[in-house]
Amino acid sequence: DLALNLLRKFQSILQHQHFQDDLAAKYGIVFYHYGMDVENMQKLFDKQKGSPPMVRNSTATAGAIMWARLLLRRVEKPMLYFKNETSAMMAGSRECKKIVKNYNKLARALVQYEQAWFDAWKKSIAAAKEGLNATLLVRDKHGLHANFDLAIFQLIRETSALSLLDSPHIALPPEATAILLQSHKFKQLYGELSYIISEYTRVTKLVLPITKKVLVPQLAELDAAAKPGEVSLAWTSLNVAPFLKAFTAAIARFETVVTAVNDIVNCRIMRNLKSVSNCLLVDLPAAARFGIDQFIAVQTRHIAAQYHSIDIWNGDIVKAIKALARAVGHRGHDADDAEAAGTPEREDASAAASLSLTKLPSSMRRGSTAGAAEEGPENGHGALTTAVATDGDGNNSAPRPASPPTSASARRKLAKDVSALQHHFYNCFLTALSAACIRSLKTLRRRVGGRCADGFITAEVPLFDVSLELVANTVILHPALDEIQKAINIIANSIYTKCDLLTDWAAWGVKLGDTPGIGTQITRSNDILNVVIMLTGGVVALEQQVEVFLAGFEQHSHLWVRDREQYMAELESAPPSLANIEAEMRKYTVDCNVDAMSYTHSIGSLWVDVRQLVKALKQSANDWKVLLSRHLHGKVLKELATLREEMAEYSKLVGGDPEDVEELRLLMETLGTIRVNGSEIEMRFDPIEQMYAILRAPEYALNIVTLEEYEKLGELLLEWRKLRSLCERKSDTVGRLQHRFKRDLMAQVQRFWIDVIVFRNDYIAHGPMVVGITPEDAINRLKKYTRVFEDKYRKWRTIAAGEMLFGMPVHRYPELAQTARELTHLEKLYSLYLSVRQRIAGYEAIMWVDIVRTKGFQAIEDECRHFYLQCRALPKELHSWPAYKDLEHMIASFSQLRPLLASLAHDYLKPRHWHEVMETCGGRWKLDHDVFKLGHLIEAKIVAHAERVEEVAMRAQKEAQVDILLRTRIVSEWTERPFQFEEWRGRGLLLLKSEAVSEIKESLDESQMLLGSINPRYMEPFKDTVRSWMLRLVQTDKQLNLWLEVQQNWQALEAVFSGGDITKQLPNEAKRFSHIDKQWFKIMTKAQEATDVITFCCENEVLNSLGPMRDGLESVQRQLSDYLETKKRAFPRFYFVADKELLDILSQASDPTAIQGNIQSIFDGVAGVKFEKFKPAKGEGGAAIIKITWLFSPEGEEIQLVEPVPCVGNVECWLLALVEQMCLTVKEVAKRAASEIPTLQQNLRHIESCLKTYVAQISLLLVQILWTTDVQEFLSGAKSEQKQLREAADRRINDLKDMLVELTRTDLTKMDRINVETLITIHVHQQDVWRAPPGKGDTPLKKLRDGTSFDWLKQARFYFRPEKEEVIIQIADADTLYCNEYLGVKERLVITPLTDRCYITLSQALAMKLGGAPAGPAGTGKTETTKDLARTYGKLCIVTNCSDQLDYKAMGKIIKGLSQANAWGCFDEFNRIDLPVLSVVAQQ
């Protein structure tokens, strides 16, 4: 425009032709620039037409039209000037025509663009206008909203903006104009409605959660008031204003009810509940102490008083709940009962007193009265009516409660909700009461004491007064800890059991159904019981501290521990020395001095008074002193009495003259005794004197010995001296009497010799040893001659004593000695003979049943064995006597009978066996218990038929063992032995428990073996039973095997067909399995009712369906295998997944996230994936799509996919896409990493950031590419530059190793450390290839002269080809593309020369389309080398552990999977496969 204005000015001045031509040229230049401007406008229009720049606050359509007009005005004005002034010039040039054409095109486009926007806006008017026909309100889960379409406001703005545009071809539609004219009305209506809705939201939020249900009728009525706005009234309706007034009034009324209800709940119910909760049921002042009785009395009174207060609060709560019920329109249970009976009920007018009129906000009061007055029958809501009454003074009284619902169902629903609310507050009351009880119990527990760190019980202030007392020689607490604990338990129990004093709500008229009473509920509270349990041992736990305190009295423990009677008995049995007795007396004297100890002590909650104990200790010590003194006094008196008696005896023996030899002997012995023991007797007087000195000591203050008693000691000592003098005189008299007594003794000897000879001859002629007499006669003679012998023996002893007295030789009488020996032997023999004969005669009378029941025959055997040993122990000279032989024969005869009787003395012998014994012996006797005796068997002479009898007894024993085996090991084992079941996937007990079934099968095998091991010889009585059990056991085992097989197949298929995905794919099989599943459920239901495994398996016909079920499951399994084969062909990696796991994947295909646990079985280096939900693009319908965005390795490494993989369609399809995207992601990351090579060659420190940026797999690949690049540059460089290249490469290789080693010294995570250590492992090998081996210098290998050296070509070399964007791995002449399989953070093998050879061999074989077979001993790394080479190539390697169980089908599946998945297969221990399988594999 400026250029044209300038030219226009010059045109009026320059009229010369030459200037006109020049001016025309200038016009051409300006026109050319104008054409460029047109093109620029065209480009600007094309670029911004989708989102044109707007003027601030402009609307979309008006803004776009204004922008288009500005562009048009910019190009239109110059064009009009050119058209009018330079039309000739414009017509003549081709370039000008092009500019005109471009102008026309742009102008036409701008006009069309403007018209298009306007047309689009006109089309939107109808849709926007429809918004006015929408209802005023709309409700969603968040509440009530104004249903005003904001597009209407946009339409109003757009219409207003377009009306300001002056355009002849833009005519505003009348619909838009009409809406524009009503814009103020709509805005005002929207504002009022929004405010009312905010008030609605505010008021509804005032509803407490606990009262929400009982306010449902009021809420329903409030919603009914809003219903016209939701259903019928639109923004253009004429009766919107009355609706708003009615709705506002309804909100106000609802707020009145809600406020009243909240006041009742908060101010009356919750406040009283808080008072109950804060109530303390124990009265324990801080410094107060109690005795037990006082403690119980005080706390009992306090508990009763507190429960009285609680009962008052309880009544207030119940009254408040009733008021709340009336406030919400509930008439009570009586009204409901009356209604159910058809009796009308009169409303209680006084129920309104519980409501308080709430002042409405001014905004809500406006028009509310008018609104209420204008409401008609259709808008009136009686449940919210709160008509205000006035009293006599004109003041407002309380509002009436809400009217009850009109319908019976609504009233029943309200009654139910009110009942639920009552239950809720009842539970709240119980909770508050429980809290009060727990708080009171804990307060009591704190006063009782708590355990501190050192294990002792501590208390704030002692609570109980106790004392230590000595009772029954025991130091005890009074009252005892148990009594204190009992008192605490009484109060603790009273705290929560006295709640029975509270009035139950039923008594207040609140019906709670079957809910237990308050007392029952509180006494069942586990929290209370736990605190009570802790209190139960509170004081008893002080026992340790009490013991520590009592240990201080251990120094006096002998006062009460030592038993006085026992101590006195010990003194009597082992008299101590006088020094010990005196020490004991002193000790007890010290014990009496216990006044110095403190009289009170504090132990936890106990205030201990020890004054009673001190008093008892002093008394006990004094008692001990008295006891010892009495013992000592008694000992003194006893010793004196003994001395006095001895002296009296001596005086008696010495005082008279002897009459015969015997008296002379006694006199002489007495004189000798006195002469020998005289000094000892005199010494016995000294201890007596010492005892009297102790007893009379003043420090003991005993006062037990009188002066008269002490003087008797001197009198006794004087008597002893007189006795000594008498003995000296008697010694002279004895010497004179000895001669006379000696002559008399010699005459007696002669006479006694003759008597002995006569006695011996008579004994031989008529004694018990005479041949031919009976044992009974011999026994009588033995008794007679024994008496005569004893008289002769006494006379001989008297004569022998006299001979010894006078020093004469003592005569021996051989006949008398021989007679004594014979009588002794005969006594032994005949006494044993009588005993044996009497016992054998007694055996015959024993009842046989007594022997069997009491196992009494063992006693008989022991007695017979004792008789036999006694017989053998008799002297050998008796063995030839007839009586001995008779005795030996008697014992031997019974000994032969004894084994037979022992074999028959068992209860397993049945009547059939006894009849067989009777037939064998030829005897007959009754087998009744009261008739059959042992004598019957002795009389039957069963010894003669011993072999046959023993055979019968042995058979009876074996048959009894068979019977016991059947009863204990078979019948009892299988009687009432039920099945055991386990849960299956939440469907119930549908599986036999595997451990239990294994035990049953083991028991079946064991039982069958037991039955098979029975000897047929002893099975005859039980033949039918054994055969029946054997058949049942075999059938049970067969059924169980079939059952387990069906269970295994059903279990595998149930998990498959329980999901809907496979069921849709295999509908016929799913239907068949459903039928089998029903049968299985029926079988398991019946089995759970069974109590006996054997009976159920053998007799229940329901198990007959197991066979067809097995066939059906196998058929379904075959079809399922075919289905799985199709899935494996679609996604080859499924070949490497177990069928069970694959079925698990497919059964949950509808939930992609369920594959998370199976992902590691599909990928080598992926342990999990990240799922994200993506919302569909704007304008596209449909649900959100789940996509996989990240991969996670088992080590925790993460890699983000280049493109998220949508989990849409079949699982095999998006898994295949995931594999492709995984490889593409690794490839892209490798490409980015390869671009870092130049940077790394310039700055090797950049490797640290690379290690943090790229995953471990790519980091390793980067290091390998860097090394290959450095070495390749050295080998391909010019000879003149090789030194510099070598130094640079050598420096980078060394520096890289040093940097990696340095990284290991830093704080790395486990994953990063594995990564760095792997890099070091590989780079050390690369350095070894670059540098000479140790000891051969520090220069590069001389063999690496150029790039064709085999020492270089045989290495794994890594190149990045930018043109292909691929990594190439070269080993010798084998080039392989890097396969981009994500491997995670894997460790790598140390590369040795053997590893290099394996790599070369395997890579060359693969390049020639061959396989490799590394061979060597076990553990040398064949498998790991193959896997490591696969990781080098970035390839998936599947390792299969081969065995003889691997058949050709399994091999075929693996090979198919490997070939389709482009993976390597490593068959470990390939030689273990059977040759037929290898043959098939080789042929295929």
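The text that follows walks through the structure, step by step, so that each part is easy to find. All figures in this text were calculated on a predicted structure; none of them were measured in a lab.

### Side note on the overall build of the chain
Each helix and strand in the chain was counted, giving 52 helices and 18 strands. Here the chain holds 1484 residues, and the buried ones make up 43% of them. Here the contacts in the chain between residues at least 6 apart in sequence split such that 73% fall between residues at least 24 apart. Total accessible area computed for the chain in this model is approximately 79000 Å², and 53% of it derives from carbon and sulfur atoms.

### Describing the packing of aromatic side chains
Under the counting rule described, the total for this entry stands at 19 aromatic pairs. Between Tyr-113 and Trp-117 the ring centres are 6.2 Å apart and the planes differ by 70 degrees, which places this aromatic pair in the edge-to-face class. Of the two residues, Tyr-113 and Trp-117 are both situated in helix H5 (residues 94–130); the distance of four residues between them amounts to about one turn of the helix. Taking 5.3 Å as the distance between ring centres and 25 degrees as the angle between the ring planes, the aromatic pair formed by Trp-1050 and Trp-1080 counts as stacked. One end of the pair, Trp-1050, is in helix H36 (residues 1023–1057); the other, Trp-1080, is in helix H38 (residues 1067–1089), and 30 residues separate them in sequence. With respect to burial, Trp-1050 and Trp-1080 carry one shared label: buried. Members of the aromatic cluster, connected to one another through ring pairs, are Phe-45, Trp-67, Tyr-113 and Trp-117.

### A closer look at the side chain of Lys-1386
Looking at the secondary structure, you find Lys-1386 in the loop between strand E16 (1374–1377) and helix H49 (1393–1407). Notably, Lys-1386 is buried but unbridged: the nearest opposite-charge side chain belongs to Asp-1164, and the N-O separation is 4.4 Å. There is a polar contact of 3.5 Å between the side chain of Lys-1386 and the backbone oxygen of Asp-1164. A distance of 2.8 Å separates the side chain of Lys-1386 from the backbone oxygen of Leu-1383, its partner in a polar contact. Not counting residues up to four positions away in its chain, the partners in contact with Lys-1386 are Asp-1164, Gly-1165, Glu-1195, Thr-1318 and Arg-1431.

### What about unusual backbone geometry?
Only a minority of non-glycine residues have a phi that is not negative, and only a minority of peptide bonds are not trans. Even without being a glycine, Lys-1409 presents a positive backbone phi close to 60 degrees. Here Lys-1409 shows up in the loop between H49 and helix H50 (1422–1432). According to the relative accessible area criterion, Lys-1409 is exposed, its value standing at 73%. Positive phi, close to 55 degrees, is recorded for Asn-1462, a residue that is not glycine. By secondary structure assignment, the location of Asn-1462 is in the loop between helix H51 (1448–1461) and strand E18 (1464–1468).

### Focus: the layout of surface pockets
Put simply, the largest pocket is a space of about 1400 Å³. What lines the largest pocket is a set of 42 residues, and nearest its centre among them are Gly-1411, Gly-1412, Gly-1465, Cys-1466 and Phe-1467. Among the secondary structure elements, those contributing two or more residues to the lining of the largest pocket are E16, H49, H50, H51, E18 and helix H52 (1475–1483). Counting residues per element, the lining of the largest pocket draws most heavily on H51, at seven residues. Grouping the constituent residues of the lining of the largest pocket by class yields 23 nonpolar, 13 polar and six charged.

### Considering the environment of Pro-462
For Pro-462, the position within the fold is in the loop between strand E4 (457–458) and strand E5 (464–471). For Pro-462, a relative accessible area of 13% gives the class buried. As for Pro-462 and Val-608, which are separated by 146 residues in sequence, their C-alpha atoms are 9.4 Å apart. In contact with Pro-462, not counting residues within four places along its chain, are Ala-288, Arg-289, Arg-447, Ser-602, Gly-604, Ser-605, Leu-606 and Trp-607.

### Examining the sheet that holds strand E7 (residues 600–603)
Taken in spatial order, the four strands line up as E6-E5-E8-E7 in an open sheet, and their pairing is mixed. In the strand order of this sheet, the two ends are held by strand E6 (474–478) and E7, each with one partner. Each neighbouring strand pair of the sheet contributes to a mean axis angle of 30 degrees, computed without reference to strand direction. Here five bridges tie E5 to E6, and the two strands are oriented antiparallel to one another. Note on E6: the bridge partner recorded for Leu-470 is Val-475. Together, E5, E6 and strand E8 (606–609) form the strand contacts of helix H16 (residues 481–497), whose direction differs from that of E5 by roughly 150 degrees.

### Some thoughts on the pattern of salt bridges
Scanning all chains against the criterion turns up 28 salt bridges. For Arg-987, the salt bridge is made with Asp-1077, and the minimal N-O distance between the two is 2.8 Å. In this pair, Arg-987 sits in the loop between strand E9 (981–983) and strand E10 (989–992) while Asp-1077 sits in helix H38, placing the two residues 90 residues apart along the sequence. Among the ionic pairs, Arg-1133 bridges to Glu-1381, the shortest N-O distance being 2.6 Å. Pair noted here: Arg-1133 is in the loop between helix H40 (1106–1130) and helix H41 (1139–1147) and Glu-1381 is in the loop between E16 and H49, with a separation of 248 residues, a long-range link. Judged by its relative accessible area of 4%, Glu-1381 falls in the buried class.

### Re the nonpolar core
Proteins that are soluble and globular tend to have nonpolar side chains buried together. Counting residues in each nonpolar core, the largest one holds 128 residues, and the members touching the most others are Phe-979, Trp-1043, Ile-1188, Leu-1215 and Leu-1218. Discounting chain neighbours no more than four positions away, the residues touching Leu-1215 are Phe-1131, Phe-1134, Ile-1155, Ile-1159 and Ile-1162. Within the second largest apolar cluster, 121 residues are counted, among which are Val-276, Cys-279, Ile-317 and Val-475.

### A look at a nonpolar patch on the surface
Side chains of Trp-753, Ile-754 and Val-758 sit close together on the surface and give an oily, nonpolar patch of about 310 Å² of accessible area. Inspection of the secondary structure assignment puts Trp-753 in helix H26 (residues 707–766). With a relative accessible area of 38%, Trp-753 lands in the partly exposed category.

### Quick word on the environment of Asn-1100
Tracing the chain through its elements places Asn-1100 in the loop between helix H39 (1093–1099) and H40. Residues Asn-1100 and Ala-1090 lie ten residues apart in sequence; the distance between their C-alpha atoms is 9.6 Å. Engagement of the side chain of Asn-1100 in a polar contact is seen with the backbone nitrogen of Val-1102, the distance being 3.1 Å.

### Remarks on the pairing of E16
Relative to E16, strand E15 (residues 1366–1371) runs antiparallel, the two being bridged by four bridges. Bridge pairing in E16 places Gln-1370 opposite Asp-1375. The hairpin formed by E15 and E16 contains two residues between the paired strands, and Ala-1372 there has a positive phi angle of roughly 55 degrees.

### Here's the deal with the packing of helix H11 (residues 292–327) against H16
Their axes nearest at 10 Å, the elements H11 and H16 cross at an angle of 5 degrees. One element, H11, and the other, H16, form an angle in the roughly parallel class. In contact with Ile-292, Phe-295, Ile-296, Gln-299, Thr-300, Ile-303 and Tyr-307 of H11, H16 contributes Glu-483, Ile-484, Ala-487, Ile-488, Ile-490, Ile-491, Ser-494, Ile-495 and Tyr-496.

Definitions and cut-offs
Residues numbered from 1 in each chain as written. Predicted model: local features only at pLDDT ≥ 70, side-chain atom pairs only at ≥ 80, totals over all residues. Heavy atoms only, no water. Helix = DSSP H or I, 4+ residues; strand = E, 2+ residues; numbered from the N terminus. Buried < 20%, exposed > 50% of the residue type's maximum accessible area, 1.4 Å probe, protein only. Contact = heavy atoms within 4.5 Å. Areas by Shrake-Rupley, 256 points an atom, 1.4 Å probe, with all protein chains shown as cover. Phe/Tyr/Trp six-rings, centres within 6.5 Å; stacked < 30°, edge-to-face > 60°. Lys, Arg positive; Asp, Glu negative; His and termini not counted. Salt bridge = Lys/Arg side-chain N within 4 Å of Asp/Glu carboxyl O. Polar contact = N/O pair within 3.5 Å; in protein donor to acceptor, adjacent residues only side chain to side chain. 1 Å grid on protein atoms, 1.4 Å probe; cavity = no way out; pocket = protein on both sides within 12 Å on 5 of 7 lines; lining within 4 Å. Points joined across faces, edges and corners; volume = space filled by probe spheres on them. Nonpolar A, V, L, I, M, F, W, Y, C, P; charged D, E, K, R; others polar. Pairing = 2+ DSSP bridges. Axes fitted to C-alpha atoms, helices over the stretch in contact; angles between N-to-C directions. Core = buried A, V, L, I, M, F, W, Y, C linked by side-chain atoms within 4.5 Å. Patch = residues over 30% accessible without salt bridge, like charges linked within 9 Å, V, L, I, M, F, W, Y side chains within 5 Å. Parallel < 35°, antiparallel > 145°, perpendicular 65-115°, else oblique.

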